[in-house]
Amino acid sequence: MKLVLETEEMNTYLTASEIIDFNNKAIQALSQQFLQTTKSEIERVKAIYEFVRDRVSHSFDIQGKVVTCAASDVLKNQEGICFAKAHLLAALLRSVGIPSGFCYQRLVFDDTEPKYLTLHGLNAVYLASLQRWIRLDARGNKPGVTAEFDLDKETLAFPVRTELNEIDYVTIYPQPNANVVKILLISKTLEQLVSHLPKEL
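Residues numbered from 1 in each chain as written. Predicted model: local features only at pLDDT ≥ 70, side-chain atom pairs only at ≥ 80, totals over all residues. Heavy atoms only, no water.

K.L.:
Honestly, the packing of helix α2 (residues 41-55) against helix α5 (residues 82-95) in this entry has me stumped. Any pointers?
P.N.:
Axes are the key here: two packed helices are described by the angle between their axes and the distance separating the axes. Between α2 and α5, whose axes approach to 10 Å, the crossing angle comes to 155°. It follows from the interaxial angle that α2 and α5 lie roughly antiparallel. Between α2 and α5 the crossing geometry is right-handed. Across the interface between the two elements, Val 45, Ile 48, Tyr 49, Phe 51, Val 52 and Arg 53 from α2 touch Lys 85, Leu 88, Leu 89, Leu 92 and Leu 93 from α5. Classifying every residue of the contact of α2 with α5 by side-chain character gives nine nonpolar, no polar and two charged. (Axes fitted to C-alpha atoms, helices over the stretch in contact; angles between N-to-C directions. Helix = DSSP H or I, 4+ residues; strand = E, 2+ residues; numbered from the N terminus. Parallel < 35°, antiparallel > 145°, perpendicular 65-115°, else oblique. Left-handed = near helix turned anticlockwise from the far one by under 90°. Contact = heavy atoms within 4.5 Å. Nonpolar A, V, L, I, M, F, W, Y, C, P; charged D, E, K, R; others polar.)

As structure tokens, this is what we get:
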């Protein structure tokens, strides 16, 4: 699939914000660890991706008690849903100078209710050594869900099933979707969050 940048200004994929708050001390400290323990850009991206995928729990998987949004909050609580984990992955990558953005899919939330679709969030990362963008899904693996760091074949958490009206959006955004951020910020519980998840961009 051909990905499309929302803007050609690469610096916008490196900036900090209230949500992608990589100036946070804890994020900076973790970033330094990755800089010290990896030798190449690709090795660094893989290590950061696998940390967010594997060490930060998906809130639905653990029946979490908090709704996180800002990258620093996700790191502090060690949990978040797909969007929140994407915020942390982008923050860690940007903090070590690697451009990253946000991508979205529209997926069936539960196969028992195929007409109920919702957004799913993931990341795109620019690998300067390969001069191309790749997408990475840090949602977190579990039985039936396997996402990997793979330079040869995109391996995301969920295959898009067009026959069920699922959509793979091609745009790479420099900032997370405003509606997604709003819902994460106003939801106090996962129950509230589920009932307000955005259904489309």
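There is more to say, and it comes next.
K.L.:
Would you take a moment to explain the side chain of Arg 106 for this structure?
P.N.:
With respect to the secondary-structure elements, Arg 106 resides in strand β4 (residues 100-108). No salt bridge forms around the buried Arg 106; measuring N to O, its nearest opposite-charge neighbour Glu 200 is 4.4 Å away. In terms of polar contacts, Arg 106 uses its side chain to reach the backbone carbonyl oxygen of Lys 199, at 2.8 Å. With residues near it in sequence (within four places) discarded, Arg 106 still touches Leu 117, Thr 118, Leu 119, Asn 165, Glu 166, Ile 167, Tyr 169, Lys 199 and Glu 200. (Buried < 20%, exposed > 50% of the residue type's maximum accessible area, 1.4 Å probe, protein only. Lys, Arg positive; Asp, Glu negative; His and termini not counted. Salt bridge = Lys/Arg side-chain N within 4 Å of Asp/Glu carboxyl O. Polar contact = N/O pair within 3.5 Å; in protein donor to acceptor, adjacent residues only side chain to side chain.)

K.L.:
Teacher, can you tell me more about α2 here?
P.N.:
Think of an α-helix as turning once every 3.6 residues; residues three or four places apart then point the same way. For α2, spanning 15 residues, the distance from its first C-alpha to its last is 21 Å, which sits close to the expected 21 Å at 1.5 Å a residue. Every buried residue of α2 is accounted for by Glu 41, Arg 44, Val 45, Ile 48, Tyr 49, Phe 51, Val 52 and Arg 53. Against the buried residues of α2 lie α1 (25-37), α4 (71-77), α5, β5 (117-127) and β6 (132-136). (Expected span 1.5 Å × (residues − 1).)

K.L.:
Would you mind going over the packing of aromatic side chains with me for this structure?
P.N.:
In this description, a pair of aromatic rings is defined by centroid distance and the angle of the planes. This structure, assessed with the given rule, holds seven aromatic pairs. Each ring, one from Tyr 13 and one from Trp 133, has its centre 5.2 Å from the other, and the planes form 65°; the classification is edge-to-face. Of the two residues, Tyr 13 is situated in the loop between β1 (4-5) and α1 and Trp 133 in strand β6; the sequence distance between them amounts to 120 residues. The pair Tyr 13 / Trp 133 is uniform in exposure class, with both members buried. Ring geometry for Tyr 104 versus Tyr 173: centroids 6.1 Å apart, planes at 55°, classification tilted. (Phe/Tyr/Trp six-rings, centres within 6.5 Å; stacked < 30°, edge-to-face > 60°.)

K.L.:
Explain the sheet that holds β4 here, please?
P.N.:
Consider a sheet: its strands pair through backbone hydrogen bonds, and that pairing is either parallel or antiparallel. Spatially, the four strands line up as an open sheet ordered β6-β5-β4-β7, and their pairing is antiparallel. Where the open sheet ends on each side, the last strands, each with one partner, are β6 and β7 (167-168). When β4 meets β5, the two strands line up antiparallel, connected through nine bridges. Among the inter-strand pairings, Tyr 104 is bridged to a residue of β5, identified as Gly 121. (Pairing = 2+ DSSP bridges.)

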